[in-house]
Structures are given as structure tokens and as C-alpha cells.
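Residue strings, one per chain:
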Amino acid sequence: MTQNTQQFASDNYAGICPEAWAAMQDANQGYVPAYGDDIWTTKASDAFRTLFETDCEIFFAFNGTAANALALASLCQSYNSVICSAVAHVETDECGAPEFFSNGSKLLTVPTQGGKLTPEAIRSLATGRSDIHFPKPRAVTITQPTETGQVYTLEEIRAISAVCRDLGLRLHMDGARFANACAALGCSPAEMTWQSGVDVLCFGGTKNGMAVGEAILFFDPKLSEGFDYRCKQAGQLASKMRFLAAPWVGILESGAWLRNGRSANAAAAHLAGQIRPLEGLELMFPVEANAVFLKAPAALLDGLREKGWRFYTFIGGGARFMFAWNADLAQVDALAEDIRQLHAAL
Ligand SMILES: *Cc1c(COP(=O)(O)O)cnc(C)c1O
């Protein structure tokens, strides 16, 4: 396979979607003020307020690690803790950034099914200790959809936020693939977040079809106090902010954000449908968003690699296929055909 062949190892192997690209090009004209005092930043923030049907505070960061880490840091004192799933990106893939940017707030992990926290697990961890020796729980973070592609239902989010309110915890949502979750549930962004009790959302732009960029949305403006300074201190304040903001205008105003999520999810469903009938192969997790985890004999996985397919096996040893906004169903069929052939030869 050539370098240009579409691969499904990660949803950020894909390029930039046309709507984001066009907005970048529109923004690439003339001279505008720096550091966010520009029309594109205003337009992007307004587009978020329109989409979320609320007057939230919006900030832009270069990547999801910074967005998550700074958002969690803003909810905590250094002696606080954050409850998360043991497979949460903040725990396993951010190199300690949440602890670093919060000056020591500890992540408290819970073993989970498919990465989903439950109200019971949160309550039990948050109330298990209340003495001075334990880092005082202050926030909960959920990943929507989870790292293995499970989608919290609105009822599940509401049940979690109810426990959070009861225990005085703030609720953060890592929405690196937020659009995929909205597409999967068919609900509005408002329903998924503030109407279900989410305090802060990190909305992923990169995996949704942008070159770079995540947005941090504070639904309770009080929580965002000083967040602009946090971003600057962490090296996340873009001087040419218009180029971080413009692609959001492009994908939000055109509806591409949701179309992109839908087509990625459809590609995952398309592959899963072709794997299910194959005896001896197993989908490790329900396919609810844009991820497919395939458990198969080593010979089959080796065979796929030999045929040029790229994939990661860092979660549970199975092959992870992650579909992007531009996943081509013909290429998904080519992958499925190779899986079928290798399966027949087992
Ligand atoms: C990709 C991803 C992020 C962001 O990762 P960066 O590489 O820092 O942009 C955050 N959370 C989850 C669940 C992700 O999959």
C-alpha cells in the first residue's frame, strides 16, 4: 500500500475537511488583531453559543491534552482529586498533564466496563475516605464517547451528574469525539452537556476534521475565572488566534461537525457488520461510535499487517480501527475483504 492509501489506525491520520479548510483560507486575508481580539474568534464563540443554545464561555487550545488538563486544573485545588475511568485518556495518554497543570491534583481511577463510570463507583470512591490524609475529590471526568467507543446515554450522564451535585463534585466531559457521540445518540449538544449537568466540556476539533484545535466550554461562567491566564501560562494562547478559531466557524456553521461524526460512525458500523458473521473473531466492545476493536488470532493480525494495514493493539491486545470524517466505505470493504480472506485461511 502506498502512503496515500487510507488507513484506519487513528482518526487523526486523516486530513482537514473542506469546510475547515475553506474557513482557514477565508481567514487568511489581511491584517487582524492578534491573541483572540479578532472577528473569527468572536464568530467561533458565537457559533458555539448558538449550537449549544446557551451563553457559555469558550476558550481555544491547540490540543486535547492541554484542554483536558487545564479544564480539570481550573476545577481543583492542588490538594483535590479527580475521579476518572482507569482507561481514561487523562489517565493513560496525557503523560501526567492533569496532575502537572493542577499542581498535584490526583487522578483517582476506577476499573470500568468499556470506560464508562457509574454513579455507584463515583459515590463509593468519593465517600470512601473523608480524612485529611486523602486528596479531597472535587471533580469527575467522563469521556464521551469512551476510549473504546462506548456512548453514555443521556440517562447515564444525568445519573452521574446527580451524584456529582449531591457530593459537591464538578463534572467534566472529555469530548475529543463529541461529534461522534452526538451523531450516535441523535441528541443536541445542549442535551448531552449542560442540560444533563455537565459543567465543562472539551470539544475535539482535530478528530472532527480540523488540522488542530480543541474548544473548552464552561457552562457555568464562574468556573472560567482566570482561565485565559491559565491558557497563556500553559503556552496555549495562539497569537494568530484567527487560524485556531476560523475552522470552528467553518465546521459549526455548515453542520459539517455532525456530518463528519455521522460518516465516521457509519464506517465503523459498516466494518463491524462484516466482522460479526466470522466465526472465531470477536468485537471486543459494542460498536456505538467510530471505533471497532477486533479480537483475532495473532496470525490474522500479522497477516493484516503484512497486507499493509496499520492499527494499534494498545488496548487489550485487539486491533483498533478508528474511522475519521472521510472514511471511504470502499476502503472499509477492502479491509473487510482482507479480514475475510485471512479468516478463511486460519
Ligand atoms: C485524542 C484524544 C484526546 C486528545 O489528544 P491530543 O493528542 O492531546 O490532542 C483526548 N481525549 C481522548 C479520549 C482522545 O481520544
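Structure first, text after, so check above.
Now for a look at the structure at hand. Note that this is a predicted model, so its numbers are computed, not measured. (Residues numbered from 1 in each chain as written. Predicted model: local features only at pLDDT ≥ 70, side-chain atom pairs only at ≥ 80, totals over all residues. Heavy atoms only, no water.)

Further remarks concern the sheet that holds strand S8 (residues 282-283). The sheet built from three strands is open, its strands ordered S8-S9-S10 with antiparallel pairing. In this open sheet, the two strands that pair with only one neighbour each are S8 and strand S10 (319-322). As paired elements, strand S9 (residues 291-295) and S10 share four bridges and run antiparallel to each other. Residue pairing for S10: Ala291 is matched across the bridge by Met322. (Pairing = 2+ DSSP bridges. Helix = DSSP H or I, 4+ residues; strand = E, 2+ residues; numbered from the N terminus.)

This part takes up the nonpolar core. Residues Phe48, Val140, Phe203, Leu217 and Trp248 are the most contacted members of the largest nonpolar core, which totals 59 residues. Top contributing element to this core by residue count: helix H11 (residues 242-254), with seven residues. Setting aside residues no more than four positions away along its own chain, Phe48 makes contact with Ile58, Phe60, Phe203, Ala215, Leu217, Trp248 and Leu252. Within the second largest apolar cluster, 27 residues are counted, among which are Ala268, Leu271, Ala272 and Ala336. (Core = buried A, V, L, I, M, F, W, Y, C linked by side-chain atoms within 4.5 Å. Buried < 20%, exposed > 50% of the residue type's maximum accessible area, 1.4 Å probe, protein only. Contact = heavy atoms within 4.5 Å.)

A separate point is the site of the ligand. Every residue lining the ligand is accounted for by Asn63, Gly64, Thr65, Asn68, His89, Glu94, Thr143, Glu147, Asp174, Ala176, Arg177 and Lys207. His89 has a polar side-chain atom sitting 3.4 Å from a nitrogen atom of the ligand. Residue Lys207 places a side-chain N or O atom 2.6 Å away from an oxygen atom belonging to the ligand. Protein coverage of the free-state accessible area of the ligand, which is 390 Å², stands at 81%. The dominant element in the shell around the ligand, judged by the number of residues it contributes, is helix H3 (residues 64-75), at three residues. For the shell around the ligand, the per-class residue count stands at one nonpolar, six polar and five charged. (Near = heavy atom within 4 Å. Polar contact = N/O pair within 3.5 Å; in protein donor to acceptor, adjacent residues only side chain to side chain. Areas by Shrake-Rupley, 256 points an atom, 1.4 Å probe, with all protein chains shown as cover. Nonpolar A, V, L, I, M, F, W, Y, C, P; charged D, E, K, R; others polar.)

The next thing to look at is the pairing of strand S6 (residues 200-204). Counted residue by residue, S6 has five buried out of five residues, so it is predominantly covered. Burial along S6 is two-sided: Val200, Cys202 and Gly204 facing one way and Leu201 and Phe203 facing the other are all buried. The pairing of strand S5 (residues 170-175) with S6 spans four bridges and is parallel. Paired with His172 across the strands is Val200, a residue of S6.

Turning our eyes to something else, we now look at the sheet that holds strand S1 (residues 57-61). The strands making up a sheet associate through backbone hydrogen bonding, with each pair oriented either parallel or antiparallel. One open sheet holds the seven strands; their spatial order is S1-S7-S6-S5-S4-S2-S3, and the pairing between them is mixed. Two strands lie at the open edges of the sheet, namely S1 and strand S3 (106-110), each paired on one side alone. Across the sheet, the axes of successive neighbouring strands diverge by a mean angle of 25 degrees, strand direction being ignored. With five bridges joining them, S6 and strand S7 (residues 214-218) adopt antiparallel strand pairing. In the strand pairing of S7, Val200 is matched with Phe218. (Axes fitted to C-alpha atoms, helices over the stretch in contact; angles between N-to-C directions.)

This part takes up the pattern of salt bridges. Summed over all chains, the structure comprises 13 salt bridges. In this structure, the salt-bridge partner of Glu156 is Lys116, at a minimum N-O distance of 2.8 Å. Of the two residues, Glu156 is situated in helix H7 (residues 154-167) and Lys116 in the loop between S3 and helix H6 (119-128); the sequence distance between them amounts to 40 residues. Taking relative accessible area as the criterion, Lys116 reaches 17% and is therefore assigned buried. Measuring nitrogen to oxygen at the nearest pair gives 2.9 Å for the salt bridge that ties Glu337 to Arg340. You can see Glu337 and its partner Arg340 sitting in helix H14 (residues 329-344), three residues apart, about one turn around the helix. Relative accessible area serves as the criterion here: at 32%, Glu337 is assigned to the partly exposed category. By relative accessible area, which is 30% here, Arg340 ends up partly exposed. Put simply, Arg170, Asp199, Asp220 and Lys222 are held in one network by salt bridges that share partners. (Salt bridge = Lys/Arg side-chain N within 4 Å of Asp/Glu carboxyl O.)

The next point concerns unusual backbone geometry. With an omega dihedral of -10 degrees, the bond running from Gln144 to Pro145 counts as a cis peptide bond. You can see Pro145 is positioned in the loop between strand S4 (136-143) and H7. One non-glycine residue with positive phi stands out, namely Glu53, at about 55 degrees. One can find Glu53 in the loop between helix H2 (39-52) and S1.

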